[in-house]
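# Fold and geometry: a report
One letter stands for each residue in the lines below.
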Amino acid sequence: MKLTIRKATTEDTALINSLAARIWEPTYGNILKKEQLDYMFDMMYSEEHIAEQMTAHGHTYLIAAADGEPCGYISMEQDTSFEGSPKFIFQKIYCLPEMQGKGIGKYLVNEGIKHLKKLTGGVPLEIELYVNRGNPAVGFYEHIGFVKTDTRDHYIGNGYYMNDYIMTLKC
């Protein structure tokens, strides 16, 4: 299997939305109620919201493909409130359920780090991500070097919270 990566543009919002639609429920269906899943998906993955993240909030999306077929994505942004070494947040790291366990998640993380290192001239980075405390991916992130540093219960509206571990990687 040949993996490739490319930077997404606003022309890719429909593709990202389509990938997310195939990933979202299998990833969170056993963790969150259907109503919260639907609310969060509509809030975070409308094509308009993805485009706004890219254009107004500085999010960079990278899209992975396996043998030419899109199979996952990562989105990241710089935390501009942090002083010291550059700090970035990996907002989303997802691959299609049928592609999990094939190295795509690790590939996405590594390519995200490469992108940020190139962007910052190779200086030491701190990368943070938020992962639902019930998500089995916590073990994956620990396996590749992320460390749980805190928890957060982030209110997202409509009576819902994102109950996450904050995980950090210094590289």
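Now for a quick tour of the structure. (Residues numbered from 1 in each chain as written. Predicted model: local features only at pLDDT ≥ 70, side-chain atom pairs only at ≥ 80, totals over all residues. Heavy atoms only, no water.)

## Observations concerning unusual backbone geometry
Of note, the phi angle at Asp67 is positive, near 50°, even though the residue is not glycine. Within the secondary structure, Asp67 is located in the loop between strand 2 (60-66) and strand 3 (69-78). The backbone phi angle of Asn158 is positive, close to 60°, even though this residue is not glycine. Inspection of the secondary structure assignment puts Asn158 in the loop between strand 6 (147-157) and strand 7 (160-170). (Helix = DSSP H or I, 4+ residues; strand = E, 2+ residues; numbered from the N terminus.)

## Regarding helix 3 (residues 47-56)
The complete set of buried residues in helix 3 reads Ile50, Gln53 and Met54. Around the axis of helix 3, the buried residues are gathered within 90° of arc, so they sit on the same side. Every exposed residue of helix 3 that faces more than 90 degrees away from the buried side is listed here: Glu48, Thr55 and Ala56. Those residues of helix 3 that are buried are in contact with helix 1 (13-28), helix 2 (34-45), strand 2 and strand 4 (87-95). (Buried < 20%, exposed > 50% of the residue type's maximum accessible area, 1.4 Å probe, protein only. Arc of directions from axis to C-beta. Contact = heavy atoms within 4.5 Å.)

## Describing helix 4 (residues 104-120)
For helix 4, with 17 residues, the first-to-last C-alpha span of 24 Å sits near the 24 Å given by 1.5 Å per residue. A positive phi of about 75° marks Gly121, the residue just after helix 4. (Expected span 1.5 Å × (residues − 1).)

## Quick word on the environment of Leu37
Its location among the elements puts Leu37 in helix 2. A C-alpha to C-alpha distance of 29 Å links Leu37 and Lys87, two positions 50 residues apart in sequence. Residues in contact with Leu37, not counting those within four places in the same chain, are Trp24, Glu25, Tyr28, Gly29 and Leu32.

## Points about the pattern of salt bridges
Counted by the stated rule, this structure contains 11 salt bridges. A single salt-bridge network, built from bridges that share partners, covers Glu25, Lys34 and Asp38. (Salt bridge = Lys/Arg side-chain N within 4 Å of Asp/Glu carboxyl O.)

## A short note on the packing of helix 1 against helix 2
Direction vectors running N to C along helix 1 and helix 2 enclose 155°, while the axes themselves pass 11 Å from each other. With respect to each other, helix 1 and helix 2 are oriented roughly antiparallel. Considering the relative orientation of helix 1 and helix 2, their crossing is right-handed. Taken together, the residues of helix 2 that come into contact with helix 1 (itself represented by Asn17, Ala20, Ala21, Trp24, Glu25 and Tyr28) are Lys34, Leu37, Met40, Phe41, Met44 and Tyr45. In the contact of helix 1 with helix 2, the residues fall into nine nonpolar, one polar and two charged. (Axes fitted to C-alpha atoms, helices over the stretch in contact; angles between N-to-C directions. Parallel < 35°, antiparallel > 145°, perpendicular 65-115°, else oblique. Left-handed = near helix turned anticlockwise from the far one by under 90°. Nonpolar A, V, L, I, M, F, W, Y, C, P; charged D, E, K, R; others polar.)

## Comments concerning the packing of aromatic side chains
This structure, assessed with the given rule, holds 13 aromatic pairs. Here the aromatic rings of Tyr61 and Tyr73 are separated by 6.3 Å at their centres, their planes lie at 40°, and the arrangement is tilted. Of this pair, Tyr61 sits in strand 2 while Tyr73 sits in strand 3, placing them 12 residues apart in sequence. For Tyr61, a relative accessible area of 0% translates into the label buried. Judged by relative accessible area, Tyr73 falls into the buried class, the value being 1%. The aromatic ring of Tyr165 is capped on one face by Lys148, whose charged end is 4.4 Å from the ring centroid. Seen from the ring of Tyr130, Arg152 lies directly overhead, with NZ or CZ sitting 3.8 Å from the centre. (Phe/Tyr/Trp six-rings, centres within 6.5 Å; stacked < 30°, edge-to-face > 60°. Lys NZ or Arg CZ within 6 Å of the ring centre and 35° of its normal.)

## Digging into the sheet that holds strand 5 (residues 126-132)
The seven strands lie next to each other as 1-2-3-4-5-7-6, forming an open sheet whose pairing is mixed. Two strands in the sheet have a free side with no partner beyond their single neighbour: strand 1 (3-7) and strand 6. Taken over all neighbouring pairs, the strand axes of this sheet differ in orientation by 30° on average, direction set aside. Summarising the sheet, strand 3 and strand 4 pair through seven bridges and their orientation is antiparallel. Note that in strand 4 the partner of Gly72 across the bridge is Cys95. (Pairing = 2+ DSSP bridges.)

Worth remembering: the numbers are spatial, not functional.
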